[in-house]
Amino acid sequence: HGDEYEGQVILMNLIRELEPKHIRGRVIILPAANAPAVRAGRRTSPVDFDGEGNLNRAFPGDANGSPTLMIAHYIVNELLPHADYVLDLHSGGSSLMYIPSAEAKLGDDVKMNAEAIALVKAFGLPIGNIGEVLDDRTFAGTAKRLGIRFVGTELGGGGTVSPEILAMSEKGVRRCLKLIGTLPEDYAVEAAPETRLVYVGGEDYFVYAPDDGVFEPYVNLGAEVNKGQPAGAVHFPETPWREPSVTHFKRSGLVLCERAGGRVERGDCVFHLATDTEG
């Protein structure tokens, strides 16, 4: 996603800082996988004739499709055959802000599940999101289908780059590389801080804007909320005498993600919850 900047910076720094003498095996780094979207600073590609251009909903791709489908096809058929592990660095982009979190997508293979959770803990971010693949068109779904070990992230967002989030995430990437054996045992990394393991389930974990307008949140990122609690209100500048439209949380949980911008359209995600899990 072209407006998710944290991963781009982390990977460009990694390109410059990794020394060949440190690497065991092969490291493939794509800091701008969907290059047209990155250049435009947009979530999706501006050059796709199908109007989509969302690389993380384009897998397994199509060699004769739109530019984004062609990129997905290249990644699947030319790069992933060389990969035992995938590290997918997302953030909230321009519209969302996340508590920094690493993500494991679990399946039926108990050994792979344990390795994925170990990578999440090694990343050492405040949150470890343990869940399932919800969409087979994603990079996570493709990795699962091909039997490749996968860990993803949501690193802040809001269309900015936080020095604090960047620092903890760069350390996490190196801990993961060391854990899988790409970096040698004597490569110095800080010990991983404690990670809170959470689960994100289905539709009731999300809150969406009920109307177009300006969103007023009633809670902050990181808050603990209860089922039925008011989440926020959409105001209507074009009709200021109209009562705002209030939306509510459908379950209790931790506010893992919040809307970054004030202006919303009906159906925009404004909050995203998580609940604690043992992993």
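Along every chain, residues carry numbers that run from 1 in the direction the sequence is written. Since the coordinates come from a predicted model, pLDDT governs what is reported: local features require at least 70, and pairs of side-chain atoms require 80 or more to be given and counted, while whole-chain, interface and lining totals use all residues. Values reported for side chains reflect all heavy atoms of the structure, with hydrogen atoms and water molecules removed beforehand.

A. Up close: helix 6 (residues 163-179). Numbered from the N terminus, helices here are DSSP runs of H or I no shorter than four residues, and strands are runs of E no shorter than two. The span expected for a helix works out to 1.5 Å for each residue beyond the first. Its 17 residues place the ends of helix 6 24 Å apart at the C-alpha level, agreeing with the 24 Å of an ideal helix rising 1.5 Å per residue. Burial classes: relative accessible area under 20% of the type maximum marks a residue as buried, over 50% as exposed, and values in between as partly exposed (1.4 Å probe, protein chains only). Every buried residue belonging to helix 6 is among I165, L166, S169, E170, G172, V173, R174, R175, C176 and L177, and all of these are buried. Lining the buried residues of helix 6 we find helix 1 (5-17), strand 1 (85-90) and helix 4 (110-123). Note on helix 6: the residue one or two positions beyond its end, G181, has a positive phi of about 95 degrees. The contact criterion used is simple: two residues touch if any of their non-hydrogen atoms lie within 4.5 Å.

B. Main features of the pairing of strand 8 (residues 213-217). Paired strands are those between which DSSP finds at least two bridges. One ladder, built from two bridges, connects strand 8 with strand 13 (residues 263-264); its direction is antiparallel. Bridge pairing links V214 to R263 in strand 13. One ladder, built from four bridges, connects strand 8 with strand 10 (residues 230-235); its direction is antiparallel. Bridging from a neighbouring strand, P217 pairs with G232 of strand 10.

C. Structural detail: the packing of helix 4 against helix 6. The axes used here are C-alpha line fits, helices contributing only the stretch in contact, and every angle between their N-to-C directions lies in the interval 0 to 180 degrees. At a minimum axis distance of 7 Å, the contact between helix 4 and helix 6 shows a crossing angle of 140 degrees. Judged by the inter-axis angle, helix 4 sits oblique to helix 6. Note that helix 4 runs across helix 6; the crossing there is right-handed. Along the contact surface, helix 4 presents A118, L119, A122 and F123, while helix 6 presents M168, S169, G172, V173, R175, C176 and L179. Grouping the amino acids of the contact of helix 4 with helix 6 by side-chain chemistry returns eight nonpolar, two polar and one charged. Should an angle fall under 35 degrees it is called roughly parallel, over 145 degrees roughly antiparallel, and 65 to 115 degrees roughly perpendicular, with every other angle called oblique. Note: crossing handedness is left-handed where the near helix turns anticlockwise from the far helix by less than a right angle, and right-handed where it turns clockwise. Residues were grouped as follows: Ala, Val, Leu, Ile, Met, Phe, Trp, Tyr, Cys and Pro as nonpolar; Asp, Glu, Lys and Arg as charged; and all remaining residues, including Gly, as polar.

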